[in-house]
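Residue-level listing of the chains:
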Amino acid sequence: APWYIENFLKIKDKRAMIIPFKLNKAQNIVLAQMALDEKHGKPKRYIVLKARQMGLSTLFEGLIYRDTSTNENKNSLIIAHEEQASSNLFQMSKLYYENSPELIRPMKKYANGKVLSFENPTPDDNEKLKNPGLRSKIAIATAGSGEVGRSATYHNIHASEVAFFPDAKTTMLGLLQAVPDQPNTMVVMESTANGVGDWFHEMWVKAERGENEFTPIFLPWFIQDEYTRPFRSEQEKEVFQAEISHVSQDANGNEVRTYEYELMMKHRLT
């Protein structure tokens, strides 16, 4: 998968330029876990708790695009918490298609706002019988809009920002039943945090305890290079260091460090 992604897929960067897909740290952490599960023949089931803007949707859409556009009879679904987000994710899949090398680009029947279908677009039935194409598709949906097909079988599902779904439990339980318990299937539920006590949080806690089939992947902000910036001056840096290195004493005369210092030590932050 990493080789395919970096050689064949293109993405739109923050300046709206079309550039080759180069994997970042967070994406590589996820891919390493997937490679492990593939090796052991396990179905891919992940619950991902992440910081914002880590390129994970870009990765999951890339993996889904690769699997669906290179195999026959694959059914994939991408579902997001709101219409705009669904639309953005679908644009990614279309972009992958439009910018992939012609040699590996499958026949496409239609790409409306909801489905990218890889099959022969011909209206001629005989021609279609002889050369049907892949008969695979990527569909898009928005949580809570009632457009999620329960009767379908899905081989890949990417559910984005699940903690913000209007009724995550109902939506996801219906969808999870639509995925066969097979090694070549993938279900990813990812989200930034949205407080405690909701269904996503509950599923995360269970995953950490090993009480469901999902592998928890936690991706903190500090693994992302974009979340660091240099000090404007050496003086500014010294003031900052002095502030967080400050040691005070509690009522019993014990040394007390600042909260920031504790965080820095705990997570080995710069």
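Owing to the predicted nature of the structure, the values given are computational and were not obtained by experimental measurement.

Basis of the calculations
Throughout this document, residue positions are counted from 1 along each chain, in the order its sequence is written. Residues qualify for local features only when their pLDDT is at least 70, as the model is predicted, and side-chain atom pairs are given and counted only at 80 or more; totals for whole chains, interfaces and linings, by contrast, use all residues. The basis for every side-chain value is the complete set of non-hydrogen atoms in the structure, without hydrogens or water. Runs of H or I in DSSP of at least four residues are treated as helices and runs of E of at least two as strands, each being numbered from the N terminus. Centre distance within 6.5 Å is the pairing criterion for rings of Phe, Tyr and Trp, where only the six-membered ring of Trp is used; planes under 30 degrees apart are then read as stacked, over 60 as edge-to-face, and the remainder as tilted. Note on exposure labels: buried denotes an accessible area under 20% of the residue type's maximum, exposed denotes more than 50%, and partly exposed covers the range between, all computed with a 1.4 Å probe on protein chains only. Here, over-ring charges are defined by two tests on the NZ atom of lysine or the CZ atom of arginine: distance to the ring centre within 6 Å, and angle to the ring normal within 35 degrees. Contacts are assigned to residue pairs with any non-hydrogen atoms lying within 4.5 Å of each other. Nitrogen and oxygen atoms within 3.5 Å of one another constitute a polar contact, given that in protein one can donate a hydrogen and the other can accept it, and given that sequence-neighbouring residues count only through two side-chain atoms.

**Brief notes about unusual backbone geometry**
Line of reasoning, step 1. With phi around 55 degrees, Asn73 is a residue other than glycine that occupies positive phi space.
Line of reasoning, step 2. Along the polypeptide, Asn73 turns up in the loop between α3 (56–69) and β4 (75–80).
Line of reasoning, step 3. Of note, the phi angle at Glu161 is positive, near 55 degrees, even though the residue is not glycine.
Line of reasoning, step 4. In this structure, Glu161 sits in the loop between β8 (156–160) and α6 (168–176).

**What about the packing of aromatic side chains?**
Line of reasoning, step 1. In total, this model carries 7 aromatic pairs according to the counting rule given.
Line of reasoning, step 2. Look at Tyr65 and Tyr96: their rings are 5.9 Å apart centre to centre, the planes differ by 45 degrees, and that puts the pair in the tilted class. Of this pair, Tyr65 sits in helix α3 while Tyr96 sits in helix α4 (residues 83–99), placing them 31 residues apart in sequence. Assigned by exposure class, Tyr65 and Tyr96 land together as buried.
Line of reasoning, step 3. Chaining the aromatic ring pairs together yields one cluster made of Tyr65, Tyr96, Tyr97 and Phe118.
Line of reasoning, step 4. Just above the ring of Tyr261 sits the side chain of Arg257; from NZ or CZ to the centre is 4.0 Å.

**Quick notes on the environment of Ser57**
Line of reasoning, step 1. With respect to the secondary-structure elements, Ser57 resides in helix α3.
Line of reasoning, step 2. Ser57 sits in the buried class, given a relative accessible area of 16%.
Line of reasoning, step 3. In the structure, Ser57 is positioned 113 residues away from Thr170 in sequence and 22 Å away in space, judged by C-alpha atoms.
Line of reasoning, step 4. Not counting the four nearest positions on each side in its chain, Ser57 is found in contact with Leu89, Met92, His158, Ser160 and Glu190.
Line of reasoning, step 5. There is a polar contact of 3.4 Å between the side chain of Ser57 and the side chain of Glu190.

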